[in-house]
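Overview (structure and organization)
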Amino acid sequence: QVQLVESGGGLVQPGGSQRLSCAASGSFFRIYSMGWYRQGPGNEREKVATITTGGGDTNYADSVKGRFTITRDSANNAAYLDMSSLKPEDTDVYFCMADYRLRLGEVIKRTWGQGTQVTVSS
C-alpha cells in the first residue's frame, strides 16, 4: 500500500506564503501523477494542481494560477505546493493525491493523504 503524509499547513496572513509537502511511503511499483486538492465544509473536493510523473506537465485550477506552484521530487516520491499571495478564500483542508501501481501490470489506483488545514486570516 501507499501512504501519503502531508505537512506544512497552518495559519498564514493574507498575502503571505506557505509550502505544503507530501511524502509517499510504502511498498509499491511506481508513483505516477501527484497532486493537491482542497475541500471546505459542505463543499466538494476540488483540484488545485497536478503534476505528471517526470514533472514535465503541470495543471492548475484557474483560481490559483500564477500564485501556486506544484513541484515534485520523483526520486524521493515527494510533492510540494508553494503557495503565495494567499487569500482568505484559499482557506481549506488540502489533500495530497497520488496515482500508483502496487505491482507491474496492475491497474493504476489513487490514494489520498489525511489532509492538512490551511487557514488564511489576519
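Preceding this section is the structure that the text describes.
Criteria and cut-off values
- Here, residues in each chain are numbered from 1, in the same order as that chain's written sequence.
- Per-residue local features are limited, in this predicted model, to residues with pLDDT of at least 70; the limit for side-chain atom pairs, both in listing and counting, is 80 or more; totals at the level of whole chains, interfaces and linings are taken over all residues.
- To obtain the side-chain values, all non-hydrogen atoms of the structure were included, while hydrogens and water were left out.
- One bridge is not enough; two strands pair if DSSP finds at least two bridges between them.
- Numbering of helices and strands runs from the N terminus, with a helix taken as a DSSP run of H or I at least four residues long and a strand as a DSSP run of E at least two residues long.
- In this description, a line fitted to the C-alpha atoms serves as the axis of each element, helices being fitted only across the stretch in contact, and the angle between N-to-C directions of two axes falls anywhere from 0 to 180 degrees.
- For this analysis, a ring pair means two rings from Phe, Tyr or Trp (six-membered ring only for Trp) whose centres lie within 6.5 Å, classed as stacked if their planes differ by under 30 degrees, edge-to-face if by over 60, and tilted for the remaining angles.
- Here, a charge over a ring means that NZ of Lys or CZ of Arg falls within 6 Å of the ring centre while also lying within 35 degrees of the ring normal.

1. Regarding the sheet that holds strand S8 (residues 78–83)
- Reading across from one edge, S1-S3-S8-S7 is the order of the four strands in this open sheet, with antiparallel pairing throughout. Because the sheet does not close on itself, it has two edges, and the strands there are strand S1 (2–7) and strand S7 (68–73). Mean inter-strand twist for the sheet, computed between neighbouring axes without regard to direction, equals 15 degrees.
- As judged from the six bridges shared by S1 and strand S3 (residues 18–26), these two strands associate in the antiparallel manner. Note that in S3 the partner of Ser7 across the bridge is Ser21.

2. What to know about the packing of aromatic side chains
- Tallied over the entire structure, the rule returns one aromatic pair.
- The ring of Tyr80 is capped by Arg19, whose NZ or CZ atom sits 4.5 Å from the centre of that ring.
- The aromatic ring of Phe95 is capped on one face by Arg45, whose charged end is 3.7 Å from the ring centroid.

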